[in-house]
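Listed below are the residues making up each chain.
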Amino acid sequence: MRIATWNVNSIRARLPIALDWIQAQRPDVLLLQEIKTLEFPEMEFASLGYQIAYVGQKSYNGVAILSLHPMQDVIKALPGDPADDHSRYIEATVEGVRVASIYLPNGNPVASDKFPYKLRWMDRLYAHVEGLLEREMPVALGGDYNVIPEPKDCYDPRAWEGDALYRPESRGAFRALQHLGYVDAFRALHPQPHYYTFWDYFGNWERDQGIRIDHFLLSPQAADRLTECSIDREPRAREKPSDHTPVIVTLS
DNA sequence: ATGCCTATTGTGAATAGA
């Protein structure tokens, strides 16, 4: 079973690239973030055989799960704060695997209320995915975590000091998820430094100065089945790309 | 450190991203 995650930075702006990519790769499940619309363009993907569950929002945020197989028990918000109106979390069961599409808050500027919002959101995520472990089933939490886990996950750690993506609180909260028993799938298979999933639009792609912030966290039952995890840089090299590129995980 | 670019809303310039 192949599951991919991709922050597309607007599904409408990315429609040609996304349709090309999904036809070329045919993942069983594709988790999308930042669809940036209230209404997902479902028809185009349905005609390729994909079922779609999503929670949209005007202009900002928005997450989706596209699946070649039926989805069960969809939830469309991260529990823990009914007043949180950002569309940043959706979860479903596909072929016995619990999958989530996560768009974790950026958190910048750190001096604003956005940073405590990010940390509170990570606390809610911790509480929720701790509960998922009790199901003792494979869980794959994919998405844009907006966290650079370690120095080797960026080109120049000094450039990121003090940034919400690299602050000790953010990295600590990500590490806490791992300490619950969730495995960073890409890192487990690729210990080498300088693998990236995001490059800004200011020339960092050309210089290959990126950051690794899109991740799959796997429950023990999913990690036992982990055979492959890769970053597909091809969509980032195209015309009018997203600033993120897909990560694909394979479970036996 | 900031925002060189991109996207959205909506039709000009502000907001957000990371």
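How each quantity is defined
- Residues numbered from 1 in each chain as written.
- Chains lettered and ligands numbered in written order.
- Predicted model: local features only at pLDDT ≥ 70, side-chain atom pairs only at ≥ 80, totals over all residues.
- Heavy atoms only, no water.
- Axes fitted to C-alpha atoms, helices over the stretch in contact; angles between N-to-C directions.
- Helix = DSSP H or I, 4+ residues; strand = E, 2+ residues; numbered from the N terminus.
- Parallel < 35°, antiparallel > 145°, perpendicular 65-115°, else oblique.
- Contact = heavy atoms within 4.5 Å.
- Salt bridge = Lys/Arg side-chain N within 4 Å of Asp/Glu carboxyl O.
- Buried < 20%, exposed > 50% of the residue type's maximum accessible area, 1.4 Å probe, protein only.
- Pairing = 2+ DSSP bridges.
- Right-handed = clockwise from strand over helix to strand, strands pointing away.

1. Quick look at the packing of helix H3 (residues 114–133) against helix H5 (residues 168–180)
Next up, step 1: Where H3 meets H5, the closest approach of the two axes is 10 Å, and the angle between their N-to-C directions is 0°. It follows that H3 is roughly parallel to H5 by the angle criterion. For the pair formed by H3 and H5, the contact residues are Phe115, Lys118, Leu119, Met122, Leu125, Tyr126, Val129, Glu130 and Leu133 on the first element and Glu169, Ser170, Ala173, Phe174, Ala176, Leu177 and Leu180 on the second.

2. Examining the pattern of salt bridges
Next up, step 1: Counted under the stated rule, the structure contains 10 salt bridges.
Next up, step 2: Asp153 serves as the salt-bridge partner of Arg187, at 2.3 Å between the closest nitrogen and oxygen. Note that Arg187 is positioned in helix H6 (residues 185–189) and Asp153 in the loop between strand S8 (139–144) and helix H4 (157–160), a separation of 34 residues in sequence. The same class applies to Arg187 and to Asp153, which are both buried.
Next up, step 3: Of the charged contacts in the structure, one is a salt bridge between Asp156 and Arg158, with a shortest N-O distance of 3.4 Å.
Next up, step 4: Several salt bridges share partner residues, and in doing so they unite Glu150, Asp153, Asp184, Arg187 and Arg212 into one network.

3. A word on the pairing of strand S1 (residues 2–7)
Remark: a regular strand shows side chains that alternate across the two faces of the sheet.
Next up, step 1: Counting buried residues in S1 gives 5 out of 6 residues, a clear majority hidden from the surface.
Next up, step 2: Relative to strand S12 (residues 247–251), S1 runs antiparallel, the two sharing 4 bridges. Bridge pairing links Ile3 to Val249 in S12.
Next up, step 3: Note: S1 against strand S2 (residues 29–33), 5 bridges, orientation parallel. Bridge pairing in S2 places Ile3 opposite Val29.
Next up, step 4: Regarding the hand of the β-α-β motif, the stretch spanning S1, helix H1 (residues 15–25) and S2 is right-handed.

Any link to function would need more than the numbers given here.
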